[in-house]
Amino acid sequence: IEFQDLAVTFRRVITLNDTGLASTLVTMKDIKRWGIDIDHMYRKALENTQRMLPPVRRSLFEILKDRCTFPGVSLPEDAKDDLYIMTNEYDINGATVILYEDMLDACARELDDDIYVLPCSVHELLYIGAHAGYDGDYLRELVREANTSAIGPMDYLSGSIYLYRRSDGSLTRI
C-alpha cells in the first residue's frame, strides 16, 4: 500500500517482549491464502499495531538525557528543543505511528502549530513546528545527513519531508 512516497508493509509478530520484537513479512500470497482483502488487512494491522506498539512522543533533549551520559556534562533540567521524536514504546519500526489515528494532530496540538515531519529511519520520525524558524532546505539537509551518516540501508525510510496542516488534517510531501 502506498502512503505518500512511502510503502506500508505488513508484518506477522512472532514475539514481542521486553527483549525485543521478532516478526516476519506478510506477503500478498499470505493475504490471499487467508481469504481477506487488502483493506481489511490494513484496518486490522493498524488496529493491532496501535494496541501492541503504543505511540511515544518526546523532545530530543528528553531522549538525550535518558540515553546519553557524558562524565562532567549534564543538560539543564529545563532544556527545550525544537525537535521532537515520534515512535513506539519499543523504538522498533516506530515510523508506523505516522499512520495512527490522530497521531499527527496530537503532535501539532502539542506544539500549537502545523508540523514538519522528518523521516529519520523506519524506527522513528522527527517533527518540528512549522513556524520554528527552519526552512525546507535546512530540514531536507537534516534528513539527508541522517540518511547518509546515522542509519544503515535497511533502516532507510525516505529522503522527503512532509508538512502536516492542522486546519484540514492534510499531510503533504514538500
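Thresholds applied
- Residues numbered from 1 in each chain as written.
- Predicted model: local features only at pLDDT ≥ 70, side-chain atom pairs only at ≥ 80, totals over all residues.
- Heavy atoms only, no water.
- Phe/Tyr/Trp six-rings, centres within 6.5 Å; stacked < 30°, edge-to-face > 60°.
- Helix = DSSP H or I, 4+ residues; strand = E, 2+ residues; numbered from the N terminus.
- Buried < 20%, exposed > 50% of the residue type's maximum accessible area, 1.4 Å probe, protein only.
- Salt bridge = Lys/Arg side-chain N within 4 Å of Asp/Glu carboxyl O.

(A) Quick look at the packing of aromatic side chains. Scanning all chains against the criterion turns up two aromatic pairs. Seen in terms of ring centroids, Tyr 84 and Tyr 127 are 5.5 Å apart; in terms of plane orientation they differ by 25°. Their pairing is stacked. Of the two residues, Tyr 84 is situated in strand β6 (residues 84-88) and Tyr 127 in strand β8 (residues 124-129); the sequence distance between them amounts to 43 residues. Look at Tyr 127 and you get buried, because its relative accessible area is 0%.

(B) Quick peek at helix α4 (residues 103-111). Turning to α4, its buried residues are Met 103, Leu 104, Ala 106, Cys 107 and Ala 108. Asp 112 occupies a position one or two residues after α4 and carries a positive phi of about 50°.

(C) Broad picture of the pattern of salt bridges. Within this structure, the stated rule accounts for 11 salt bridges. For Arg 12, the salt bridge is made with Asp 30, and the minimal N-O distance between the two is 3.2 Å. Taken together, the positions of Arg 12 in strand β3 (residues 10-17) and Asp 30 in helix α1 (residues 28-34) put the pair 18 residues apart, joining distant regions of the chain. Classification of Arg 12 by relative accessible area gives partly exposed; the value is 29%. Salt-bridge contacts for Arg 144 lead to Glu 141; the nearest nitrogen and oxygen are separated by 2.6 Å. With Arg 144 and Glu 141 both in helix α5 (residues 136-149) and three residues apart, this pair spans about one turn of that helix.

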